[in-house]
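Overview (structure and organization)
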Amino acid sequence: MRDTEDMAAEAAFDEVEEPSFSDPEDFVDDVDDEELLEDILRERPQEADGIDSVIVVDNVPQVGPERLEKLKNVVHKIFSKFGKITNDFYPEAEGKTKGYIFLEYTSPVQAQEAVKNADGYKLDKQHTFRVNLFTDFDKYVNISDEWESPEKQPFKDFGNLRHWMEDPDCRDQYSVIFESGERTGIFSNDVKEPILIEERARWTETYVRWSPKGTYLATFHQRGIALWGGEKFKQIQRFSHQGVHLIDFSPCERYIVTFSPLMDTKDDPQAIIIWDVLTGQKKRGFHCENSAHWPIFKWSHDGKFFARMTQDTLSIYETPSMGLLDKKSLKINGIKDFSWSPGDNIIAFWVPEDKDIPARVTLMQLPSRQEIRVRNLFNVVDCKLHWQKNGDYLCVKVDRTPKGTQGVVTNFEIFRMREKQVPVDVVEMKEGIIAFAWEPNGSKFAVLHGESPRISVSFYHVKNNGKIELIKMFDKQQANSIFWSPQGQFLVLAGLRSMNGALAFVDTSDCTMMNIAEHYMASDVEWDPTGRYVVTSVSWWSHKVDNAYWLWTFQGRLLQKNNKDRFCQLLWRPRPAILLSQEQIKLIKKDLKKYAKIFEQKDRLSQSKASKELVDKRRTMMEDYHKYREAAIQLYQEQRPLRLELRGGVDTDELDSNVDDWEEETIEFFINEEIIPLGDLA
């Protein structure tokens, strides 16, 4: 029975008319292949794919068969940084290469990257590569004989990038991150109260950084770094580096270094990228094995060189080629640390002891690589390199364990960089060292030593006669950090975080304590570029309550307490180097009294102006209050009929209204009873 039903169903199905899938006669197909198959057509082989991936390298050394393999290895090492090389061709004539080669990459993008970064690469003194795309030859051959003026590019006006330097009152600016990073503001410093210049929500995703000369403000984003500047803080440049965590500027602001732990492959180094700030172009990428000690690359004072340290190797690169200096790294067995001089192209590095070979500190001149001073050290545990701001002195803090004794002794090896043969003086400290800091523009240094609660601070002066003099020592200090004024002479001894924010303001010209104060749980201390003001702050990143920043004078007088909701970070905007010569500075100091009168008069005018502004502000507030009060009274009178209607004609507007309807009621309360015996009265 079931088989019969199935046969009947199949017959009925066959009888149903088959649907038509043809387009109607008036149908117009307006969907092209590009729209329908865009993802497939994008991968379709192009006619010029192979040619677009080929580059031509000129000025290659002409070598014979015996040196050809070595040349290929050198070329492959240089050009494989830009992508995978699938093919190469070295034309030959009369047993030698012709001096130009062809290299093919897997994609045109890699070929373009090679042209952009390798053109002008200096292989040696006689050979500088010229790199072009193979397809460019047709373009150059078919150049018209008629002159065509190039298309005019629109000028991007970012405004005056140094506008803050033209402030008539010479106010400095600073950035503030608050509301746990949600808001960022730029303020102009003023004695009365900070002046808001710009404020934006979610301007950065983590923190901000000023460039060394204060030209740019760098903000961090998941996709990369953005630079802002000009009067309205317009976006100047963007650098695409996914997951960027850290950045560093060259001292000349020409280059920026970015680090991301996300983007790195064996063939295409992307962990560290060096960018050209002006063009936004990537100059070179590097691998990064360990980012614990940032910056990985350290720059020379003029930005002409940068260096990095790896195991037993110091690699020094030059700009703008971003290639190794003299095409090779320095082999230094056991190198532990290095540092550039802030005033000269001199590198200092130290190497620990190795069996019978003592530890040593070496000063090397660049680019000649000449060793200008070597200092041997014995029984060394650790070394720290501290340069004075101008590069006049180098202090090597040496922790030693002398033979036959227990514990660690610290020596300060002071190198006098401006004297012949770089003489070295030694200061020995038998107590533990907490902090060391040079006076920025002078020859003094300060040392915090001892153990809590018996911490002392000592001030030393490096004299011209070859002696180092102890000027003054203060004992029983609550401090773990030293912060010198950028102009020298004045400093702040701070007990940050665990020491509850104890502050001591010191004048080192006569070693007097100008003031002792406290900013409870302070986490940071920041001097302004002029050395006139200093800020102490409690960051939300380190402490979740009492988040604020306080403004002090260099003498320790508190001017402002600025409370910001979940305040995170304050950074002063740096100023570029002064353009005046030493003679001009001396002349200004000589006539300082004349200028002081002008500034004092200006300060008095400013104070009277501030007072007038305060009076005007209060008067305006009072006028606004009176206007509001009159409007409220008028509304109250207009609503009187409505109130009477709602309250059954009873007028409750006045306390003494409807006196006739009042009822008087007397209520007595028993308060106290006291019984006094009559006998006591007698």
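Check the entry above for the structure.
Anyway, here's the lowdown on the structure attached to this text. (Residues numbered from 1 in each chain as written. Predicted model: local features only at pLDDT ≥ 70, side-chain atom pairs only at ≥ 80, totals over all residues. Heavy atoms only, no water.)

1. Examining the overall build of the protein
Put simply, the test is: Helix and strand assignments follow DSSP, with helices taken as H or I runs no shorter than four residues and strands as E runs no shorter than two, numbered in order from the N terminus. Categorising residues by exposure relies on relative accessible area from a 1.4 Å probe, with only protein chains included: less than 20% of the type maximum marks a residue as buried, more than 50% marks it as exposed, and the intermediate range marks it as partly exposed. Working rule for contacts: check all heavy atoms of both residues, and any pair within 4.5 Å makes them a contact. Here the accessible surface of atoms and residues is derived via Shrake-Rupley with a 1.4 Å probe, and residues count as covered only by protein chains that are part of the display.
Scanning the protein from terminus to terminus reveals 11 helices and 43 strands. A total of 682 residues make up the protein; the buried ones form 39% of that total. Within the protein, residue pairs in contact and separated by at least 24 positions form 43% of the contacts whose partners lie at least 6 positions apart. A total accessible area of about 43200 Å² is found for the protein, and carbon and sulfur atoms account for 50% of it.

2. What about the environment of Gly501?
Along the chain, Gly501 turns up in the loop between β36 (490-495) and β37 (502-507). Excluding its chain neighbours within four sequence positions, the residues that come into contact with Gly501 are Gly495, Ala517, Glu518, His519, Met521 and Ala522.

3. Quick look at the nonpolar core
The following threshold applies: What makes a nonpolar core is a set of buried Ala, Val, Leu, Ile, Met, Phe, Trp, Tyr and Cys residues whose side-chain atoms join them at distances within 4.5 Å.
In this structure, Ile55, Val57, Phe79, Leu103, Tyr105, Phe129 and Val131 are the most contacted members of the largest nonpolar core, which totals 24 residues. Of all the elements in the fold, those that place two or more residues in this core are β1 (54-58), α5 (65-79), β5 (100-105), α6 (108-118) and β6 (130-133). Of all the elements, α5 adds the most residues to this core, at 5 residues. Formed by 18 residues, the second largest nonpolar core is a distinct cluster that contains Ala359, Val361, Val396 and Val398.

4. Digging into the pairing of strand β34 (residues 468-474)
Applicable threshold: Paired strands, in this sense, are two strands between which DSSP finds at least two bridges.
The pairing of strand β33 (residues 454-462) with β34 spans 6 bridges and is antiparallel. What sits directly across from Phe459, in β34, is Lys472. Between β33 and β34, which pair antiparallel and follow one another directly, the connecting turn spans 5 residues, one of which, Gly466, has a positive phi of 90°.

5. Things to note about the sheet that holds strand β23 (residues 337-340)
What counts here: Where helices are involved, their axes are fitted lines through C-alpha atoms of the stretch in contact, as for all axes, and angles between N-to-C directions lie from 0 to 180°.
Spatial ordering of the open sheet is given by β23-β24-β25-β26, a layout of 4 strands whose pairing is antiparallel. A strand with exactly one partner marks an edge of an open sheet, and here the two such strands are β23 and β26 (370-377). In this sheet, adjacent strand axes meet at a mean angle of 15° when their direction is disregarded. Sheet topology note: the β23/strand β24 (residues 346-351) ladder contains 4 bridges and is antiparallel. Paired with Trp340 across the two strands is Ile347, which belongs to β24.

6. So, the pattern of salt bridges
Note the following rule: The term salt bridge refers to a side-chain nitrogen of Lys or Arg lying within 4 Å of a carboxyl oxygen of Asp or Glu.
Throughout the structure, instances matching the rule amount to 23 salt bridges. Between Lys444 and Glu439 there is a salt bridge; the shortest N-O distance is 3.4 Å. Side by side, Lys444 and Glu439 carry an identical accessibility label, which is buried. The partner of Arg566 in a salt bridge is Asp565, and the shortest N-O contact between them spans 3.0 Å. One network of salt bridges, in which partners are shared, links Asp167, Asp169, Arg171 and Asp190.

7. Thoughts on the sheet that holds β36
Strands sit in the order β35-β36-β37-β38 across an open sheet of 4 strands; the sheet is antiparallel. Edge positions in the sheet fall to β35 (481-484) and β38 (512-518), since each of these pairs with one other strand and no more. Geometrically, the sheet is characterised by an average inter-axis angle of 20° between neighbouring strands, direction not taken into account.

8. Comments concerning a nonpolar patch on the surface
We apply this condition: Exposure above 30% relative accessible area and no salt bridge define the residues that can form patches, which grow by joining like charges within 9 Å and nonpolar side chains of Val, Leu, Ile, Met, Phe, Trp and Tyr within 5 Å.
On the surface, a nonpolar cluster with roughly 650 Å² of combined accessible area is contributed by Ile578, Leu580, Ile588, Leu592, Tyr595, Ile598 and Phe599. Examining the composition of the nonpolar patch, we find that 4 residues originate from one element, helix α9 (residues 592-638), more than from any other. With respect to the helices and strands, Phe599 occurs in helix α9.

9. Here we look at the layout of surface pockets
Put simply, the rule reads: Lining residues are those with an atom within 4 Å of a point, where the points come from a 1 Å grid over the protein atoms alone and group into cavities, where a 1.4 Å probe fits but cannot get out, or pockets, open sets with protein on both sides within 12 Å along at least five of seven lines. Grid points are joined across faces, edges and corners, and a volume is the space filled by probe spheres set on the points. For this classification, the nonpolar set comprises Ala, Val, Leu, Ile, Met, Phe, Trp, Tyr, Cys and Pro, the charged set comprises Asp, Glu, Lys and Arg, and every other residue, Gly included, is treated as polar.
Looking at the second largest pocket, its volume works out to about 890 Å³. The wall of the second largest pocket is formed by 28 residues, among which Lys77, Ile78, Lys81, Arg284 and Leu324 lie closest to the centre. If you list the elements that add at least two residues to the lining of the second largest pocket, you get α5, β17 (282-286), β19 (305-310), β20 (313-318) and β21 (323-324). Of the residues forming the lining of the second largest pocket, the biggest block, 5 residues, is contributed by α5. The residue makeup of the lining of the second largest pocket, split by class, is 9 nonpolar, 10 polar and 9 charged.

These results come straight from atomic positions and should not be treated as a statement about function.
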